[in-house]
There are 2 protein chains.
Amino acid sequence: MSGPERLTATEAVARLTDGTLTAEALIRACLEQARAGVGINAWAWLDPEQAIAQARAVDRAGRKGRLAGVPVGIKDVVDTADMPTKHGSPIYAGNRPFADAACVALIRAAAGIILGKTVTTEFANRHPGPTRHPHNADHTPGGSSSGSAAAVADFQVPLALGTQTGGSVIRPAAFCGVIGYKPSFGEFSRVGIKMQCHNLDTLGIICRSLEDIALLRGVLVAQQAHEVDRGSAAPRIGFCCTPAWEHADQDTHALLEHVAGVLGRAGATVHEVKLTPADILDHHRRIFEFEAARNYAYEYEVHGEKLSPALRDGLLAPGRSLPLAAYIEAIETAEAFRRNLDDVFTEVDVLLAPSAVGEAPRGLISTGDARFNAIWTLAWTPCLTLPAGNGRSGLPLGIQLIGQRFRDEALLDAAAWVEARLH
Amino acid sequence: MSGPERLTATEAVARLTDGTLTAEALIRACLEQARAGVGINAWAWLDPEQAIAQARAVDRAGRKGRLAGVPVGIKDVVDTADMPTKHGSPIYAGNRPFADAACVALIRAAAGIILGKTVTTEFANRHPGPTRHPHNADHTPGGSSSGSAAAVADFQVPLALGTQTGGSVIRPAAFCGVIGYKPSFGEFSRVGIKMQCHNLDTLGIICRSLEDIALLRGVLVAQQAHEVDRGSAAPRIGFCCTPAWEHADQDTHALLEHVAGVLGRAGATVHEVKLTPADILDHHRRIFEFEAARNYAYEYEVHGEKLSPALRDGLLAPGRSLPLAAYIEAIETAEAFRRNLDDVFTEVDVLLAPSAVGEAPRGLISTGDARFNAIWTLAWTPCLTLPAGNGRSGLPLGIQLIGQRFRDEALLDAAAWVEARLH
């Protein structure tokens, strides 16, 4: 029998608002699910009493905000004044931030409940945390928003925040078989979120329905929520292999070609779109290295011995020696790439691309390859992943839809059209 | 007789390196000057023993870094792990950050000494702190980097960090008769700096020589320092009244026209440059309001009663009700404005414009008008102010030079040519 932990956030808000569900009952159901799935290691911090106390306060106040008592998982690179914030690093053991991040304050002001802090890789980078894939404990859940994706997939929480600098929202969401959404760059406040790369870091949402994206997006951008249009006309779809196509596995190739065919037969126009320049991922890498090497100056200079060698020697050290001129060239190339994309979006409404190279890889050492995501992080375009099948190991595969920059609501409507034709 | 507190940072580094000056002697001279000028109220936090202890450690270690024991004043919106960080707000009373900001870590790694925290207006916005103008206590020093500008002008410290979202580096530096520099947007890390507007906030430098800009810029961008070329050819100068010209006073009009004449007679080509669109300041304002209203969500939602009415009701409340579409339009207009400026810089090497509407205004309630600065903050171009005379009250006036985005070193060279012909 399915309990309230299975509800989407939007469904839960309806029941919390009409009084057929209390925040406390919802939180207790999520906590029970988290207890049952404790081996997944989705949480860096989860204090049941603290969560129940928040729920009772929301119930007492009449569940009036837009989130009305819905719980949210917060990636542990996001500051919370009443919970530790460790950034997945021993350097921040004992860190209790002075203030809530802006996104956390907006969620609380909307009567959302901060269920706990979800596991992140070390500083939202590559060194993994302890989280396991919710469907197969021998596989990675993806990263860096590992705990957020696993907790939402396992029904431990309906909504969670992630951050993406390379592929850290879309990839783990696709691996875990849920929905991930990265908005247009700059729309969601990053105050109180550990900054890795100021030209790339984007706060995103992991959830189980498109309506939930619209709901939480409205809260985070402090505007009325968009109502997802489930009756919109068939979109013009650009099938975008991306310069990374050859790195995708056969399952992914087959899935994307199958979906393009299905959508075309359902009435969408589908034509191929080529991205230029072909070496755009090298420019993403340069910006990543240059910015991270300076943004982590404190950690690198003062606590270098507590950083993973992968981060310290693999990213920050090469970033330190990257010339400023190479960085500037990458920034200018990225700006030209974004203008090219604006031209692409005069011809199509949405791009269709892989969400990842394939299923979640076996093992917990690597959180997987971000190349199908880093392109769109650099592009500053909104994108989302929808669950769309399974690979040879029976683990989920996603498809990625990319919208024009600043046209996030149109992307949600097009995604609703696509989603209805996928299954 | 002039003591070591009068040295520029570059001069001090030379003497610290050749052993004719110790870091402790330099710090003691600066502290003595700060004690004598205590009525200026430049410092939010200054612990002499803590500063001397840092100096002794640098002396013991052989004064080896690029800053070799030079003290730096840090605006109190920048995190320091060993000093309070109050952001000019009672909300942050008792806040002692867990980590140093990236810029502070880079300065310390270069053997710079954090002398103390300089007064900021409330959250680097408009509500003033207690700092007074170093040349006339009845006047504002400008803001928001009030303490940094006043301390550098009064020889309490040779270098200080400021931040600019509207005009918070250039304006106070011009008012106080020192040099202020805002780099190309995005080059200096903002990690650990309270974020007001992610599309505007820029970390800058206040100092007393162009070489000092190059010195500290090298440290902050983690690259070799540029050697300022004092023998460069005469630049092509664009005399840019800006759409704000009518708001400048007669002193400023006369100064700018005089300087343009002097530079032309000295060999520079000078022609007028018009900016489009003329309403660019309205777009700056929209971005400021929209972003600040979300970035200060924690302060607004949780501590609204501790905010100044000017900030809460004058900026954050209107920002909350600004539609997302209006913000997006402003972002897109700003991007077009930047492309227009790139075209302008095919014709000129540097733009000449007012640094402020006039002298530092009388009174401490207002820190002055930012309209001649907000344009260039939005433009993401590097700019600096040079002292260039006095107004009718005998207080300093500056001229502003603006370079092409990402051509900061060329701006420094052109500024050296201009500076040599000003006096």
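On a predicted model such as this, the values are computed, not experimentally measured, just so you know. (Residues numbered from 1 in each chain as written. Chains lettered and ligands numbered in written order. Predicted model: local features only at pLDDT ≥ 70, side-chain atom pairs only at ≥ 80, totals over all residues. Heavy atoms only, no water.)

1. Notes on the pairing of strand β3 (residues 113-118) of chain A
Residues and elements named next belong to chain A. With six of its six residues buried, β3 lies for the most part within the structure. Pairing between strand β1 (residues 43-45) and β3: two bridges, direction antiparallel. Bridging across to β3, Trp43 finds its partner in Thr118. (Buried < 20%, exposed > 50% of the residue type's maximum accessible area, 1.4 Å probe, protein only. Helix = DSSP H or I, 4+ residues; strand = E, 2+ residues; numbered from the N terminus. Pairing = 2+ DSSP bridges.)

2. Concerning the relation of the copies chain A and chain B
When chain A is fitted onto chain B, the two copies agree to an RMSD of 0.0 Å after a turn of 180° and an axial shift of 0.0 Å. Both copies are brought into coincidence by an operation consistent with a two-fold rotation axis. By C-alpha distance to the rotation axis, the residue of chain A lying nearest is Pro97(A), at 4.0 Å. A shared binding surface is used by both copies, with 100% of the interface residues of chain A retained as interface residues in chain B. (Least-squares fit on C-alpha atoms with pLDDT ≥ 70 in both. Contact = heavy atoms within 4.5 Å.)

3. A short note on the packing of helix α2 (residues 23-36) of chain B against helix α3 (residues 48-60) of chain B
Residue and element names in this part refer to chain B. The contact between α2 and α3 brings their axes to 8 Å, and the two run at 160°. In terms of their interaxial angle, α2 and α3 are classed as roughly antiparallel. Here the hand of the crossing between α2 and α3 comes out right-handed. Touching Ala23, Glu24, Ile27, Arg28 and Leu31 of α2 are Pro48, Ala51, Ile52, Ala55, Arg56, Val58 and Asp59, all from α3. Here the contact of α2 with α3 is composed, by residue class, of eight nonpolar, no polar and four charged. (Axes fitted to C-alpha atoms, helices over the stretch in contact; angles between N-to-C directions. Parallel < 35°, antiparallel > 145°, perpendicular 65-115°, else oblique. Left-handed = near helix turned anticlockwise from the far one by under 90°. Nonpolar A, V, L, I, M, F, W, Y, C, P; charged D, E, K, R; others polar.)

4. Focus: the domain arrangement of chain A
Residue and element names in this part refer to chain A. Domain assignment breaks chain A into domain 1 (4-221) and domain 2 (236-278 + 330-422). Each side of the interface is counted separately: domain 1 has 41 residues, and domain 2 has 44 residues. When domain 1 packs against domain 2, close to 3,400 Å² is buried across both sides, 62% of that on carbon and sulfur atoms. Contact with domain 2 buries surface across domain 1, with His139, Phe175 and Leu210 losing the most and accounting together for 18% of the total. At the surface where domain 1 touches domain 2, the tally comes to two salt bridges. With its nearest N and O atoms 3.8 Å apart, the salt bridge here joins Asp138 to Arg362. Here domain 1 is connected to domain 2 by 20 residue pairs in polar contact (both at pLDDT 80 or more). Among the elements of the structure, α6 (170-176), β5 (179-182) and α7 (210-221) are those that each provide at least two residues to the side of domain 1 that touches domain 2. For the side of domain 1 that touches domain 2, the leading source of residues is α6, giving six residues. For the side of domain 1 that touches domain 2, the per-class residue count stands at 16 nonpolar, 18 polar and seven charged. (Domains from an automatic or database assignment. Buried area = accessible area lost by both parts, 1.4 Å probe. Salt bridge = Lys/Arg side-chain N within 4 Å of Asp/Glu carboxyl O. Polar contact = N/O pair within 3.5 Å; in protein donor to acceptor, adjacent residues only side chain to side chain.)

5. Observations regarding the layout of surface pockets
Here the largest pocket defines a volume of roughly 760 Å³. Lining the largest pocket we find 36 residues, and of these Asp79(A), Gly192(A), Ile193(A), Asp79(B) and Gly192(B) sit closest to its centre. Lining the second largest pocket are 22 residues; nearest its centre among them are Glu335(A), Arg339(A), Glu335(B), Arg338(B) and Arg339(B). Sorting the residues of the lining of the second largest pocket by element identifies α12 (324-344) of chain A together with α12 (324-344) of chain B as the ones contributing at least two each. Considering every element that reaches the lining of the second largest pocket, the biggest residue donor is α12(B), with six residues. Grouping the constituent residues of the lining of the second largest pocket by class yields five nonpolar, three polar and 14 charged. (1 Å grid on protein atoms, 1.4 Å probe; cavity = no way out; pocket = protein on both sides within 12 Å on 5 of 7 lines; lining within 4 Å. Points joined across faces, edges and corners; volume = space filled by probe spheres on them.)

6. Quick word on the environment of Pro84(B)
All names here are of chain B. Along the chain, Pro84 turns up in the loop between β2 (71-75) and α4 (102-109). C-alpha of Pro84 to C-alpha of Gln223: the two residues are 139 residues apart in sequence and 29 Å apart in space. Those residues within four positions of Pro84 in sequence are excluded, and the remaining contacts are Trp45, Asp76, Asn95, Arg96 and Lys117.

7. Some remarks on helix α9 (residues 280-295) of chain A
Residue and element names in this part refer to chain A. Compared with an ideal rise of 1.5 Å per residue, which puts 16 residues at 22 Å, α9 spans 22 Å between its outermost C-alpha atoms and is within 8% of the ideal. In terms of burial, α9 is largely enclosed, as twelve of its 16 residues are buried. For α9, every residue scored as buried is listed here: Ile280, His283, His284, Ile287, Phe288, Glu289, Phe290, Glu291, Ala292, Ala293, Arg294 and Asn295. (Expected span 1.5 Å × (residues − 1).)

8. Considerations on the sheet that holds strand β9 (residues 350-354) of chain B
Residues and elements named next belong to chain B. Taken together, the eleven strands give an open sheet; going across it, the order is β1-β3-β2-β4-β6-β5-β10-β11-β9-β7-β8, and neighbouring strands pair in mixed fashion. The strands lining the two open edges of the sheet, one partner per strand, are β1 (43-45) and β8 (269-272). For this sheet, the mean angle separating the axes of adjacent strands, direction not counted, is 30°. Note that strand β4 (residues 159-164) and strand β6 (residues 202-207) share five bridges and pair antiparallel.

9. Looking at the interface of chain A and chain B
With 44 residues of chain A at the interface, the matching set in chain B holds 44 residues. On the surface where chain A and chain B come into contact, there are four salt bridges. Two residues, Arg405(A) and Glu335(B), come together in a salt bridge whose shortest N-O distance is 2.8 Å. Linking chain A with chain B are 14 residue pairs in polar contact (both at pLDDT 80 or more). Residue assignment for the side of chain A that touches chain B shows that the elements contributing at least two residues are α4 (102-109), α7, α9, α10 (297-302) and α12 of chain A. Considering each element in turn, the side of chain A that touches chain B owes the most residues, seven residues, to α12(A). Tallied by class, the residues present in the side of chain A that touches chain B amount to 24 nonpolar, seven polar and 13 charged.

10. Considerations on unusual backbone geometry
Residues and elements named next belong to chain A. Cis rather than trans, the peptide bond between Gly143 and Ser144 has omega equal to 0°. Residue Thr276 is joined to Pro277 through a cis peptide bond whose omega torsion reads -5°. One non-glycine residue with positive phi stands out, namely Ala68, at about 50°. Of note, Ala68 is situated in the loop between α3 (48-60) and β2 (71-75).

11. Examining the side chain of Asp59(A)
All names here are of chain A. Looking at where Asp59 falls in the secondary structure, it is placed in helix α3. Among the residues examined, Asp59 registers a relative accessible area of 19% and is labelled buried. If we skip the residues at most four places from it in the chain, Asp59 touches Thr22, Ala23 and Glu24.

12. Some points on the sheet that holds strand β11 (residues 396-402) of chain A
All names here are of chain A. The strand order β1-β3-β2-β4-β6-β5-β10-β11-β9-β7-β8 describes an open sheet built from eleven strands, whose pairing is mixed. Of all the strands in the sheet, the pair left with one neighbour each is β1 and β8 (269-272). Here the strands of the sheet are splayed against their neighbours by 30° on average, with no regard to which way each runs. Bridging between β2 and strand β4 (residues 159-164) involves three bridges; their strand directions are parallel. Across the sheet, residue Val72 finds its bridge partner in β4, namely Leu159. Where α3 meets the sheet, it contacts β1 and β3, and its direction lies at approximately 160° from that of β3. Sheet strands touched by α7: β4, β5, β6 (202-207) and β10 (383-390). Its angle to β6, the strand with the most contacts, is close to 140°.

13. Observations regarding the packing of aromatic side chains
Considering all chains together, one arrives at 14 aromatic pairs over all chains under this definition. A ring pair is formed by Tyr92(A) and Phe123(A), whose centres lie 5.8 Å apart and whose planes are at 85°; its orientation type is edge-to-face. You can see Tyr92(A) sitting in the loop between β2 and α4 and its partner Phe123(A) sitting in the loop between β3 and α5 (146-153), a full 31 residues away along the chain. Among the aromatic residues, those joined into a cluster by ring pairs are Tyr92(A), Phe123(A), Tyr296(A) and Phe98(B). Sitting over the ring of Trp45(A), Arg96(A) keeps its end group 5.9 Å from the ring centre. The ring of Phe290(A) has Arg294(A) sitting right over it, with the charged end atom 3.6 Å from the ring centre. (Phe/Tyr/Trp six-rings, centres within 6.5 Å; stacked < 30°, edge-to-face > 60°. Lys NZ or Arg CZ within 6 Å of the ring centre and 35° of its normal.)

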